[in-house]
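Below are the chains, spelled out letter by letter.
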Amino acid sequence: MRASNQWDRRSVLRAAGGIAALGALAACGSNNGRSGGSGSGKELTQYFHAYGEPGTQEALKRYAKGFGKADVRTQWITGDNFENKLFSALLSSDAPDVFEFHPQVHMVRAGQILPLDDIIEPVKADFNAADIASHTVDGKVWGVRMIDDPQFFFYRKSLLEKAGIAPPQTLDELIEAAAKLTTDKVKGVFLGNKLHAIVRPLIWASGADTLDEKNRIAYHTDQVAANLGKLRTLFTSGHQLLDAPSDFWDPSALVQGLTAIQWCGMWAMPAMQQALGDDLGVFPFPSAAPGAEPAVYNGGWSMFVSSKAKDKDLAKEYVKWLWIDQKQHQEDWALSYGFHIPPRTSIANSAEKLKSGLPAEGVRLFNEFGHFDNPMWTQAMIVAHEDVMADCVRSDMAPEAALDKADKKVEDELRKLS
Amino acid sequence: MFTGPFLAGLIVFVYIPIGWSAWLSFFEARSTVTPTEFVGFANYVDMLTDGDFMTSLGTFTVFAAIVVPVTWAVSLGLALLVHRLRFMKAFFRSVFFLPTAVSFVAASLIWKMSIFSGVRFGLANTVLNLFGVDSVAWLASPDPPWYWLVIVTVRLWLQSGFYMILFLAALQNIPAELYEAAAIDGAKRGWQTFRYITLPQLRATSTAVILLLLIAAYQAFDEFYNLLAKTTWGRPPLVELYQTALGENQDYGRGSAGALILTALICAVTLLQGRLLGFGRGEGER
């Protein structure tokens with residue numbers, strides 16, 4: 001005989017149904033990023049990659065709450081594949097109304113984003129001219145820059161002093177410094193686990209460029225090939241930190257004493273200063289060819305309006321409201337979590353935190369050696385170049401062969417976009 | 001009527017996407033799933049002449065060649081071990097089976113960040129350092145290919161317990177009389193009994209396990225994607241196609257062509273496999 005308290009199949013199903021219903025109800029009450037306060041009934045969705053600095057997600061939701069004309073839902077996309085998720089979403093009927101990304105022409109050609117000249121024009125002169133140029137395709141401006149993020153090398157002053165060396169001025173000196181700084185506990189240099197972040201700085205510091213002014217391949221030079229060979233030597237020397245728990249964007253490798261020099265972005269400067277105090281310096285990617293300038297990659301993020309936005313005017317109005325009108329939010333976003341350079345000259349000029357010490361040195365490197373995004377350099381080209389690093393630096397393919405392989409993909413991409 | 005909703009789901013979520021994919025494979029479809037430029041078989045030619053896609057088929061072959069026999073042997077070994085235990089049987093069965101419940105993504109991250117981290121405080125490197133061996137960057141480079149150790153061990157940990165249960169069930173079904181008769185005939189316990197009684201009695205289960213392992217190997221994605229993010233090596237076909245179509249390249253035409261080539265290949269291998277292993281044939285036909 002079955003005991004009275006035994007679960008039969010029907011009661012299990014009933015319970016499962018009840019739990020599912022409770023789950024659905026609970027979801028209604030969860031913090032999903034909607035403000036819920038406007039009562040307008042209109043909704044907007046914005047996509048952001050997960051910033052590493054604590055408080056950023058809450059800040060964005062707080063800003064969005066102040067927009068009275070719609071409930072703004074924030075998708076905070078964690079992991080290493082923001083691009084994949086964004087690109088897939090842009091093709092679907094569930095595309096975000098507004099999203100952050102970098103200026104790239106393929107989104108313009110595919111009709112995925114809207115021009116934003118009407119909202120930018122009144123304040124165009126207040127934006128960094130290079131940022132405006134990097135967002136201009138076919139004479140129209142397609143995105144609003146939120147932050148500029150210079151990337152360069154951070155180093156522990158005490159470790160370089162102990163080894164009796166100065167910050168490297170050339171790629172050869174960087175490789176020599178890595179050898180001198182390496183001990184049984186600390187590696188000389190960390191270029192990121194995948195080395196992807198230093199692809200463009202290496203090209204620029206080699207006296208080359210990604211594309212020339214006529215959008216032809218400009219990176220495939222003997223000097224770039226030779227420097228890829230040098231990086232292979234460094235990779236196999238045992239002086240480079242490999243397979244760290246987190247990648248270049250996270251200051252952990254330097255802060256935890258795993259490396260003496262790390263490629264990273266200015267966003268991590270406050271976290272590094274908090275951990276290391278004054279034992280911290282910065283220098284650009286050193287010159288990698290006779291007469292070539294050092295290089296800094298001026299990355300950053302910009303807001304775009306999807307051409308699939310359900311209410312295009314409202315989406316543009318939101319972008320204007322937050323990233324053009326609300327200067328206090330823009331300043332908070334650039335300076336209260338990590339350090340970023342505000343693209344608006346008026347905000348950058350009043351940013352006290354960037355006027356002295358190491359942040360000021362970062363701004364100097366940004367101004368002196370910075371290279372901004374070229375909108376013709378698309379994600380497919382970026383991936384093709386990142387593969388070059390994997391092929392010839394990490395797995396010993398001949399640099400020429402790896403560059404030839406990249407050429408094929410880049411030519412293919414250029415042909416499609418022309 | 002009962003099958004209606006399922007049939008509708010099948011049509012909407014399986015047949016229409018397959019049809020759409022076949023259509024896309026004949027078009028130039030970069031950053032769009034509603035293309036207009038017909039390119040014929042160009043995408044197929046591109047994929048078949050593209051070294052990366054062909055390399056991915058080689059990666060799958062290496063993966064299957066390692067992971068299928070090793071998992072078979074480990075799960076059978078665990079089953080024999082647990083089967084003969086006299087005490088704490090349930091505990092050890094649970095211990096070996098529990099990893100089956102862990103997601104591939106979570107396990108991959110544990111393997112990558114805790115056990116096989118390239119820095120000195122990764123678990124594997126800590127052990128190596130104790131013996132005076134330098135730290136190894138397990139996932140940084142394909143030369144030497146340490147990444148296979150990481151990928152195979154995570155999969156072994158995750159799936160051996162499941163196949164152990166299948167073998168355990170089969171072991172329990174072997175009649176004790178067979179062992180008694182063998183003992184009377186002078187067979188020694190241990191290897192001789194295992195070789196001539198246990199192993200032949202497990203033949204049907206072994207065949208099923210090998211087939212299931214091969215199917216699972218075909219579906220390999222999560223651990224490769226999470227352990228070898230953005231490398232050009234160690235990409236099985238599903239990862240390669242994901243990067244081509246759904247990744248940053250957004251080339252739905254070539255991705256679809258590759259998917260159809262892979263489908264045709266899987267069908268051919270499955271038919272061949274069925275023929276070789278005799279799966280699906282009646283006893284009398286063997």
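Residues numbered from 1 in each chain as written. Chains lettered and ligands numbered in written order. Predicted model: local features only at pLDDT ≥ 70, side-chain atom pairs only at ≥ 80, totals over all residues. Heavy atoms only, no water.

- For chain B, an unreviewed UniProt entry supplies the name Carbohydrate ABC transporter permease and the organism Streptomyces coeruleoprunus.
- In UniProt, chain B has this text filed under Subcellular location (unreviewed entry): "Cell membrane".
- UniProt lists a comment for chain B under the heading Sequence similarities (unreviewed entry), and it reads "Belongs to the binding-protein-dependent transport system permease family." (UniProt positions renumbered as here; feature names shortened; annotations may be inferred.)

- Chain A is annotated in an unreviewed UniProt entry as ABC transporter substrate-binding protein of Streptomyces coeruleoprunus.

**With respect to the overall build of chain B**
Moving on, step 1. From N to C terminus, chain B includes 13 helices and 2 strands.
Moving on, step 2. With the C-alpha coordinates aligned to their principal axes, the bounding extent of chain B is approximately 75 × 60 × 35 Å.
Moving on, step 3. Taken across its 286 residues, chain B has 41% of its residues classed as buried.
Moving on, step 4. Here the analysis covers contacts within chain B between residues at least 6 apart in sequence; of these, 64% occur between residues at least 24 apart. (Helix = DSSP H or I, 4+ residues; strand = E, 2+ residues; numbered from the N terminus. Buried < 20%, exposed > 50% of the residue type's maximum accessible area, 1.4 Å probe, protein only. Contact = heavy atoms within 4.5 Å.)

**A word on the interface of chain B and chain A**
Moving on, step 1. Taken together, the contacts link 35 residues of chain B with 36 residues of chain A.
Moving on, step 2. Of the roughly 2900 Å² buried between chain B and chain A on both sides combined, carbon and sulfur atoms contribute 48%.
Moving on, step 3. Looking at the side of chain B facing chain A, the largest losses of area belong to Arg120(B), Lys230(B) and Glu248(B), adding up to 23% of the total buried there.
Moving on, step 4. Along the contact surface separating chain B from chain A lie 6 salt bridges.
Moving on, step 5. The salt bridge involving Glu413(A) is made with Arg30(B); its shortest N-O contact spans 2.6 Å.
Moving on, step 6. At the boundary of chain B and chain A, one finds 16 residue pairs in polar contact (both at pLDDT 80 or more).
Moving on, step 7. Only α12 (237–246) and α13 (252–277) of chain B provide two or more residues apiece to the side of chain B that touches chain A.
Moving on, step 8. Within the side of chain B that touches chain A, the residues separate by chemical class into 15 nonpolar, 10 polar and 10 charged. (Buried area = accessible area lost by both parts, 1.4 Å probe. Salt bridge = Lys/Arg side-chain N within 4 Å of Asp/Glu carboxyl O. Polar contact = N/O pair within 3.5 Å; in protein donor to acceptor, adjacent residues only side chain to side chain. Nonpolar A, V, L, I, M, F, W, Y, C, P; charged D, E, K, R; others polar.)

**Some details on the domain arrangement of chain A**
All names here are of chain A.
Moving on, step 1. On domain assignment, one finds that chain A holds domain 1 (5–149 + 299–364) and domain 2 (150–297 + 375–417).
Moving on, step 2. With 27 residues of domain 1 at the contact, the number on the domain 2 side is 20 residues.
Moving on, step 3. Between domain 1 and domain 2 the total buried area reaches about 1900 Å² when both faces are included, carbon and sulfur atoms providing 67% of it.
Moving on, step 4. Inspection of the domain 1/domain 2 interface yields 0 salt bridges.
Moving on, step 5. At the boundary of domain 1 with domain 2, the tally comes to 6 residue pairs in polar contact (both at pLDDT 80 or more).
Moving on, step 6. Those elements that place two or more of their residues in the side of domain 1 that touches domain 2 are α3 (82–91), α4 (105–109), β4 (136–137), β6 (144–155) and α16 (357–369).
Moving on, step 7. Looking at which element gives the most residues to the side of domain 1 that touches domain 2, the answer is α16, with 5 residues.
Moving on, step 8. The residue inventory of the side of domain 1 that touches domain 2, partitioned by class, reads 12 nonpolar, 8 polar and 7 charged. (Domains from an automatic or database assignment.)

**Quick look at the pairing of strand β10 (residues 296–305) of chain A**
Residues and elements named next belong to chain A.
Moving on, step 1. Counting buried residues in β10 gives 10 out of 10 residues, a clear majority hidden from the surface.
Moving on, step 2. Of the two faces of β10, the one lined by Val296, Asn298, Gly300, Ser302 and Phe304 and the one lined by Tyr297, Gly299, Trp301, Met303 and Val305 are each fully buried.
Moving on, step 3. Direction of pairing for strand β3 (residues 98–101) relative to β10: antiparallel, over a ladder of 4 bridges. From the neighbouring strand, Val98 faces β10, where its bridge partner is Val305.
Moving on, step 4. As judged from the 2 bridges shared by β10 and strand β11 (residues 370–371), these two strands associate in the parallel manner. Among the inter-strand pairings, Tyr297 is bridged to a residue of β11, identified as His371. (Pairing = 2+ DSSP bridges.)

**Concerning the pairing of β3(A)**
All names here are of chain A.
Moving on, step 1. Alternating positions in β3 separate into two faces, Val98 and Glu100 on one and Phe99 and Phe101 on the other, with burial throughout.
Moving on, step 2. Direction of pairing for strand β1 (residues 43–49) relative to β3: parallel, over a ladder of 2 bridges. Each residue of the ladder has a partner; that of Gln46, found in β3, is Val98.

**Quick notes on the UniProt feature "domain: ABC transmembrane type-1" (unreviewed entry) in chain B**
Moving on, step 1. On the UniProt side, "domain: ABC transmembrane type-1" (unreviewed entry) is annotated at positions that read residues 57–273 of chain B here.
Moving on, step 2. The span residues 57–273 of chain B is 72% helix and 0% strand, and its two end C-alpha atoms sit 17 Å from each other.

**Here's the deal with the packing of aromatic side chains**
Residue and element names in this part refer to chain B.
Moving on, step 1. For the coordinates displayed, the defined rule picks out 42 aromatic pairs over all chains.
Moving on, step 2. Here Phe63 and Phe224 contribute two aromatic rings whose centre-to-centre distance is 5.0 Å and whose plane-to-plane angle is 80°, an arrangement assigned as edge-to-face. One end of the pair, Phe63, is in helix α3 (residues 51–84); the other, Phe224, is in helix α11 (residues 222–227), and 161 residues separate them in sequence.
Moving on, step 3. By relative accessible area, Phe63 is classed as buried at 1%. (Phe/Tyr/Trp six-rings, centres within 6.5 Å; stacked < 30°, edge-to-face > 60°.)

**Describing the UniProt feature "transmembrane region" (unreviewed entry) in chain B**
All names here are of chain B.
Moving on, step 1. Per the UniProt record, "transmembrane region" (unreviewed entry) is annotated on residues 6–27, 57–78, 90–111, 146–171, 202–221 and 257–277.
Moving on, step 2. Annotation note: span residues 6–27, helix share 86%, strand share 5%, distance between end C-alpha atoms 31 Å.
Moving on, step 3. Annotated as 96% helix and 0% strand, the span residues 146–171 places its first and last C-alpha atoms 35 Å apart.

**Points about helix α5 (residues 104–115) of chain B**
Residue and element names in this part refer to chain B.
Moving on, step 1. If you check which residues of α5 are buried, you get Ala107, Ser108, Trp111 and Ile115. With its buried residues spanning 105° around the axis, α5 presents them on a single face.
Moving on, step 2. Buried positions along α5 lie against α6 (123–130), α7 (147–172) and α11. (Arc of directions from axis to C-beta.)

**Comments concerning the layout of surface pockets**
Residue and element names in this part refer to chain B.
Moving on, step 1. Taken as a whole, the second largest pocket encloses approximately 870 Å³ of empty space.
Moving on, step 2. Together, 31 residues line the second largest pocket, and Pro17, Ile18, Ser21, Gly255 and Ala259 are the ones closest to its centre.
Moving on, step 3. At the level of elements, α1 (4–24), α10 (203–218), α12 and α13 are the ones that each hand at least two residues to the lining of the second largest pocket.
Moving on, step 4. With 11 residues, α13 is the largest single contributor of residues to the lining of the second largest pocket. (1 Å grid on protein atoms, 1.4 Å probe; cavity = no way out; pocket = protein on both sides within 12 Å on 5 of 7 lines; lining within 4 Å. Points joined across faces, edges and corners; volume = space filled by probe spheres on them.)

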